[in-house]
Every structure is written in structure tokens, then in C-alpha cells.
Amino acid sequence: MVGIPQHLLESYGNSTGCWRQREPEYDADMGVIERPDGQRFTLGTRSLIGRAAYCAVRLDDPIASAEHAAIHWDGSLWVVRDLASTNGTWVDGVRIDVGKKVEITSGSKLSFGRRSNRWTLVEASAPRVRFRRLEPPSYVVEPTGGIAVLPSEEQPLVTLCAGPDGWFADREGEGRLLKDQELLVVDSDHWRVELPPALSGVDDTGFGSSTSWAAFEQIQQLRFEVSRDREAISLALEAGSQIKRLGHRAYHELLLVLAEARLRDRAAGFDEDECGWLYSNELAKAIAADVGKVNVDVYRLRQQFDLAGILEAHRIVERRGTTRQLRIGVRQLEIVEGATLRSTPPAES
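So, here's what we can say about the structure.

So, how was this worked out
- Residues numbered from 1 in each chain as written.
- Predicted model: local features only at pLDDT ≥ 70, side-chain atom pairs only at ≥ 80, totals over all residues.
- Heavy atoms only, no water.
- Salt bridge = Lys/Arg side-chain N within 4 Å of Asp/Glu carboxyl O.
- Helix = DSSP H or I, 4+ residues; strand = E, 2+ residues; numbered from the N terminus.
- Buried < 20%, exposed > 50% of the residue type's maximum accessible area, 1.4 Å probe, protein only.
- Expected span 1.5 Å × (residues − 1).
- Phe/Tyr/Trp six-rings, centres within 6.5 Å; stacked < 30°, edge-to-face > 60°.
- Lys NZ or Arg CZ within 6 Å of the ring centre and 35° of its normal.

1. Details of the pattern of salt bridges
Inference 1: Enumeration over the complete set of coordinates arrives at 22 salt bridges.
Inference 2: A salt bridge links Glu-194 to Arg-132; the shortest N-O distance between them is 3.2 Å. Within this pair, whereas Glu-194 is found in strand β20 (residues 189–194), its partner Arg-132 is found in strand β13 (residues 130–133), the two being separated by 62 residues in sequence. Here Glu-194 and Arg-132 have matching classes, each one buried.
Inference 3: The network of salt bridges with common partners includes Arg-223, Glu-225, Glu-238 and Arg-245.

As C-alpha cells, this is what we get:
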């Protein structure tokens, strides 16, 4: 593993993989509450409990309030708070004061409105980053690495990326930081963003020191090894004294086209900031596909780099906001076609 700057490592957790879809009700690896009949609910970073339809945990007892109580993760443990309910909230048989935060742990018994109707906190693990689709059929997208997409891998309209400052959404080159519990609208669907507090014992997503290979900024060179018929394209990343090879994938063709564009513009004397930008439709034509395929390939590339242990892997393909232009994010490039080497060093900045 290349020595990675500490400020980047601290922004990532210790998981591998990139994306998974879950049913919304129950995940045994997070905070889980069980009602008396045995049905279980996974807790988000903040979970509203009550009879209202918008509550994360719905109560069907008529003496419960519409917004009865709230359970949230405070950075190191779970706490419950009564929201001025009519008939009260109990923890282990003791009624809690309105508005007071009370710690709950695995095995804690909770009652909402009716003391005899006991719920149980059966799992008290830390929450993780999740994106919850609110329209039916409801489901949860949970990154298990530093990148995910919405609404699906087959239709990657928004890329969700972990960076040094937190998670952000990249929509056609326009990126912005996300906030916990905000609503994200994607193709008319609403997604609830669940972001646990950072650096507080949370099982955050992204790569940590045990699985990371290098930060993106540490990549000194990207080499393309291309067969004479261009049917096989493999990659070699150089960072420090180490080399990581990424085997042939069909979507490497898109990255090769972007690399060729950046080398071509540099050779023509363009300013480095303007080198290599291609419009989505130009790129689609170059790989004999449509713009939808371009978006999927961009996601696959970012996913591959993420799985390879590259922090901030989304930077492998840059997008220029509002223009629908893309370019390769690595400056130092080599293209080996059979016995032919083509490379041009970046201009001195």
C-alpha cells in the first residue's frame, strides 16, 4: 500500500465493495428495533417514531402520538427522546422526561404510549451511509465502498462519492456536498440521505487503511496496454514505487478515447486546463454507443478504481458542469499499442 495522506484516510471507513441494494425494513448489522410481534426495523441516523405515515417506525396503537418519539445516533451510542407525546415513552419500565435524551443499548425495552407494549433494541451497531427511496417500491442503496449511483447501476443519473469533506452528489459534472436527512430528487423520485456523524466510531463507508492502495492524487502515471486490434485494453497504475494492474474490461475503451484526446490536445499546444475535454455525444460516437452507455461506463470505471483501493476514485473521469463534457483525470499518460509507445508529459504548471 502506498503511504496515504492521513486527512484522506480519516474520511473513509474500513469496508470493501461499492454498492448494494437492500430492503428497507431490516439490516442485522445496524441499529435494529423489534416490535412485540417480532417485526424488525433498521434505524437510520435519525428515526422518527409515531402514527404519522411519514414516520420511519410506524406505530399502530391509537393512544400513540403522530410524532411520538425519536431515536438517533449521537456519534457513539443510540439515544431516545420523547417528543411531548400525550401518553409518554418508557425505557426499561421508567417513563422518561419530555425532550430528555436517554441512552439505550442492546436489549433495552421501549414503550410508546402504552407501558405494557414493549419494543426491544435488538442490535445497537453504528449506522452506515444509506440512500433510501421513498416512493414505492421502497428500497435502500447502501455504498460499501467510496461510490454508488442512483437510481440504479443500469441508469446512473447521479453518482454519490465519498471525499475528504464528506459525501457529495455528482450530477453531470455539478457536484455538491450532501447533508444528513436531506431529500435528493432523482428522475422525479425522492431519496432520503442518511449520513452518520463523521469520525465518531461510525461504521462509515469507503476505504480505510487496511484496504486502500493509494489516494488518487498519488497516481503518477496511468499506462494503457492495448492490443493491435484494440479489443483488449488493460491498465497499469503507478504510485510511488508500486504498480497496480487492472485487467482488461470493455469499458476501458472509453477511458482510452479520453486519454487519446488529452494527449492529442496537449501535443497541439492547448493549455492543460483545456486538454482532453469531449462532449458526451462525441464520446458516445467514438465508442459506437449512446450517451446512456457512456454514463454506465463512467460508473464502471469509477467502481473499478474504487475496488482497486483508490481513494476519491470518481476523479478518474472528470465532468465539466453544465457543458456535458468529460475528460480523463490523470495527467501523466502512456499508451502502448503493440510495440508502439505514445506519451507526452504534461506541461509544467
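2. Brief notes about helix α2 (residues 252–267)
Inference 1: Helix length check: α2 (16 residues) gives 22 Å between terminal C-alpha atoms against 22 Å at 1.5 Å per residue, within 8%.
Inference 2: Where burial is concerned, most of α2 is hidden: 13 out of the 16 residues are buried.
Inference 3: One or two residues past the end of α2 sits Gly-269, with phi positive at roughly 90°.

3. So, the packing of aromatic side chains
Inference 1: Here the structure, examined in full by the defined rule, presents 5 aromatic pairs.
Inference 2: Ring geometry for Phe-112 against Trp-119: centres 6.0 Å apart, planes inclined by 75°, an arrangement best described as edge-to-face. The burial state of Phe-112 is the same as that of Trp-119; both residues are buried.
Inference 3: Measuring from ring centre to ring centre gives 5.5 Å for Tyr-139 and Trp-191, while their planes differ by 80°; the resulting arrangement is edge-to-face. Of this pair, Tyr-139 sits in the loop between β13 and β14 (140–142) while Trp-191 sits in strand β20, placing them 52 residues apart in sequence.
Inference 4: Judged by its relative accessible area of 0%, Trp-191 is buried.
Inference 5: Ring-pair connections join several aromatic residues into one group, and the members of that group are Phe-41, Phe-112 and Trp-119.
Inference 6: Positioned over the ring face of Trp-90 is Arg-95, at 5.4 Å from the centre of the ring.

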